[in-house]
Amino acid sequence: MHQNKGEKGNNMFEIFILNSYEEVSKKASEVVLEVLKKDQVTLGLATGSSPVGMYQQLVDAYHKGQSFQHVTSVNLDEYVGINQDHPQSYYTFMFEHLFKHVDIMKENIHIPSGLGNSENSTNEYELFLQAHPQDLQVLGIGSNGHIGFNEPGTAFDSTVHQIELKKETRLDNARFFSSLDEVPTHAITMGIQDIMRAQKIVLIATGQKKAQAIYDCVHAPLSVDIPCTILQKHPHVVLIVDQEAGQLIK
Ligand code: F6R
């Protein structure tokens with residue numbers, strides 16, 4: 001199902017409610033591949049379970065001839081306090097799911113550093129983002145409506161910053177660690193202003209746990225308590241969800 005929904009005339013969400021995770025991943029990869037037709041592309045990328053299938057589709061596209069040599073990537077976020085080579089770092093995630101499988105140039109890969117001592121720490125990363133606005137930003141969404149790791153309460157004009165992860169976010173992500181105690185308590189994230197700079201945004205969500213957040217994203221009044229509501233102010237958001245995540249907006 002494909003529909004367009006404008007909320008209070010601010011923007012028009014382009015919404016796809018599809019039947020399976022595979023269909024969601026395929027559609028999201030098509031949105032990315034369309035943007036890759038440009039000569040030079042800055043792609044904002046997300047981690048987490050939502051985009052894994054989309055990355056598989058992009059790797060398949062690479063094997064069919066799609067190059068990534070003209071891509072500069074900027075990632076949304078990274079945990080604080082774990083090394084790049086930690087199995088659950090977002091750096092490791094991106095190499096495992098995409099970067100090591102395609103021909104993107106290593107010097108064009110940008111992931112914020114959670115160790116605070118590199119060129120990708122807060123201020124440097126913000127300056128880099130300002131100089132390289134995303135042609136497309138890929139987003140997942142937290143069950144509490146977070147985008148990037150901008151948790152409820154984050155100012156809409158926030159830039160790259162370090163945040164304390166909410167308990168529910170740590171619980172959601174505990175599935176990737178051997179215990180809740182091992183889930184980092186803090187992360188560094190693009191701010192909401194950095195996300196909104198993207199020319200286009202594609203948000204992927206599947207599963208019933210995301211249904212309320214997806215409803216809020218489209219219909220809830222703008223509020224810093226539900227970070228995704230800011231997307232109502234963006235001119236071009238493509239929402240790609242399965243039936244479960246889309247059940248409240250049908
Ligand atoms: C990941 C990120 C987060 C996730 C969100 C959903 O880089 O910024 O906002 O997109 O927590 O995670 P999953 O997809 O694992 O449900």
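Our structure is the block above this text.
Rules used throughout
Residues numbered from 1 in each chain as written. Predicted model: local features only at pLDDT ≥ 70, side-chain atom pairs only at ≥ 80, totals over all residues. Heavy atoms only, no water. 1 Å grid on protein atoms, 1.4 Å probe; cavity = no way out; pocket = protein on both sides within 12 Å on 5 of 7 lines; lining within 4 Å. Points joined across faces, edges and corners; volume = space filled by probe spheres on them. Helix = DSSP H or I, 4+ residues; strand = E, 2+ residues; numbered from the N terminus. Nonpolar A, V, L, I, M, F, W, Y, C, P; charged D, E, K, R; others polar. Near = heavy atom within 4 Å. Polar contact = N/O pair within 3.5 Å; in protein donor to acceptor, adjacent residues only side chain to side chain. Areas by Shrake-Rupley, 256 points an atom, 1.4 Å probe, with all protein chains shown as cover. Sits in = over half its atoms within 2 Å of the grid points. Core = buried A, V, L, I, M, F, W, Y, C linked by side-chain atoms within 4.5 Å. Buried < 20%, exposed > 50% of the residue type's maximum accessible area, 1.4 Å probe, protein only. Contact = heavy atoms within 4.5 Å. Pairing = 2+ DSSP bridges. Axes fitted to C-alpha atoms, helices over the stretch in contact; angles between N-to-C directions.

### Remarks on the layout of surface pockets
Right, on to step 1. A volume near 500 Å³ is recorded for the largest pocket.
Right, on to step 2. Together, 25 residues line the largest pocket, and G48, S50, I141, N173 and K210 are the ones closest to its centre.
Right, on to step 3. No other element matches the three residues that helix α5 (residues 167-173) contributes to the lining of the largest pocket.
Right, on to step 4. There is about 190 Å³ of room inside the second largest pocket.
Right, on to step 5. Considering each element in turn, the lining of the second largest pocket owes the most residues, five residues, to helix α3 (residues 90-97).
Right, on to step 6. Across the lining of the second largest pocket, the residue classes break down as seven nonpolar, six polar and one charged.

### Quick look at the site of the ligand
Right, on to step 1. Around the ligand, a shell composed of 14 residues is seen, among which S50, D77, H146, G148 and K210 lie nearest.
Right, on to step 2. Interatomic distance of 3.0 Å between a side-chain N/O atom of R175 and an oxygen atom of the ligand.
Right, on to step 3. Protein burial of the ligand: of its 410 Å² of free accessible surface, 94% is covered by the chains.
Right, on to step 4. Cavity membership is defined here by more than half of the atoms lying within 2 Å of grid points; on that basis the ligand lies in the largest pocket.
Right, on to step 5. Each residue belonging to the shell around the ligand can be placed in one class, and the counts come to three nonpolar, eight polar and three charged.

### So, the nonpolar core
Right, on to step 1. Residues L98, F99, L203, I214, L231, L239 and I240 are the most contacted members of the largest nonpolar core, which totals 67 residues.
Right, on to step 2. If sequence neighbours within four positions are ignored, F99 has contacts with L45, S73, N75, M94, I104, I109 and I111.
Right, on to step 3. Counting 10 residues, the second-largest nonpolar core is a separate cluster that includes Y79, Y90, F149 and A174.

### What to know about the sheet that holds strand β8 (residues 161-164)
Right, on to step 1. Pairing within the open sheet is antiparallel, and its three strands lie in the order β5-β9-β8. Every interior strand has two partners, whereas the edge strands, β5 (77-79) and β8, have only one. Ignoring strand direction, the axes of neighbouring strands in this sheet form an average angle of 25°.
Right, on to step 2. Where β5 lies against strand β9 (residues 186-189), three bridges are found, and the strand directions are antiparallel. From the neighbouring strand, E78 faces β9, where its bridge partner is I188.

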